[in-house]
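Chains, contacts and geometry: an overview
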Amino acid sequence: MRPPLRIAISASMDSETLTPVADRPQPKRKGVKAPVAGRPADLLACLIASLAAILAAFGSLVFFLGFAANDSVLAGLISAFVFAALLGAFAVGPALIIAFVAWRGWKSGLSRKNAVWVIVLTMPWVILSGLAWLKTPLPKLLSVAGLVFSGLLLGWALATLILSFKRNLRSG
């Protein structure tokens, strides 16, 4: 740390030196990374959301291959591909958004607003994957994995939100 800046007063006044109340701000150097402000749970949530996106893309591929096994007409295959891709994007998109939010949360701390967005994005998938596990003939591994991943992400966002409220109650 640098010594405080000393300013000399002109000789006509007094010969004392003044010390500033605050230190001079250090210039930011390029290449120096900011310290991590988030928790390890944020990084784990980023990993889980990334795996959920990969699982959703794989599920979409399996869904398309089920159509492709029964249809040999090009128009039918294109229609099945578009349907499977859009259905997969309905899951891959939120998972990638949550992974990005969790990554930013790990880098600089997760805000309440972002935690609420994660809850809004994961709540439908907890419900849909639970219904898919109980009521549909789809592969159980995909629906149970989706339920586990979305449940973990929902729990992470709820815990972050609750902890932020408790922290504000103690400090305020």
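Refer to the preceding data block for the structure.
The rules behind these values
- Residues numbered from 1 in each chain as written.
- Predicted model: local features only at pLDDT ≥ 70, side-chain atom pairs only at ≥ 80, totals over all residues.
- Heavy atoms only, no water.
- Helix = DSSP H or I, 4+ residues; strand = E, 2+ residues; numbered from the N terminus.
- Buried < 20%, exposed > 50% of the residue type's maximum accessible area, 1.4 Å probe, protein only.
- Contact = heavy atoms within 4.5 Å.
- Areas by Shrake-Rupley, 256 points an atom, 1.4 Å probe, with all protein chains shown as cover.
- Expected span 1.5 Å × (residues − 1).
- Bend = angle between axes of the 7 residues up to and from the residue.
- Phe/Tyr/Trp six-rings, centres within 6.5 Å; stacked < 30°, edge-to-face > 60°.
- Axes fitted to C-alpha atoms, helices over the stretch in contact; angles between N-to-C directions.
- Left-handed = near helix turned anticlockwise from the far one by under 90°.
- Nonpolar A, V, L, I, M, F, W, Y, C, P; charged D, E, K, R; others polar.

From N to C terminus, the protein includes four helices and two strands. Element order for the protein, N to C, with α for helix and β for strand: β-β-α-α-α-α. A total of 172 residues make up the protein; the buried ones form 28% of that total. Here the analysis covers contacts within the protein between residues at least 6 apart in sequence; of these, 67% occur between residues at least 24 apart. Carbon together with sulfur atoms contributes 73% to the accessible area of the protein, which is approximately 12100 Å² in total.

Attention shifts here to helix H3 (residues 112-135). Owing to its 3.6 residues per turn, the α-helix aligns residues three or four sequence positions apart on the same side. When the terminal C-alpha atoms of H3 are compared, their 34 Å separation across 24 residues agrees well with the 34 Å that a helix rising 1.5 Å per residue should span. The largest bend along H3 measures about 30° and falls at threonine 122, with the proline proline 124 one to four residues further on. Buried residues of H3: Asn114, Ala115, Val118, Ile119, Leu121, Thr122, Val126, Ser129, Gly130 and Ala132, and no others.

What the rule picks out here adds up to six aromatic pairs. Each residue in the set Phe63, Phe67 and Phe83 is aromatic and connected to the rest through ring pairs, giving one cluster.

The next thing to look at is helix H1 (residues 40-70). Here H1 contains 31 residues, and its C-alpha end-to-end distance of 46 Å stays within 8% of the 45 Å for a straight helix at 1.5 Å per residue. Along H1, the residues classified as buried are Asp42, Ala45, Cys46, Ile48, Ala49, Ala52, Ala53, Leu55, Ala56, Gly59, Ser60 and Phe64.

Our focus in this paragraph is the packing of helix H2 (residues 74-108) against H3. Contact geometry of H2 with H3 gives a least axis separation of 10 Å together with a crossing angle of 150°. Crossing hand, H2 versus H3: left-handed. Facing Phe90, Ala91, Pro94, Ile97, Ile98 and Val101 of H2, the residues of H3 in contact are Asn114, Val118, Leu121, Thr122, Trp125 and Leu128. Class assignment for the residues of the contact of H2 with H3 results in ten nonpolar, two polar and no charged.

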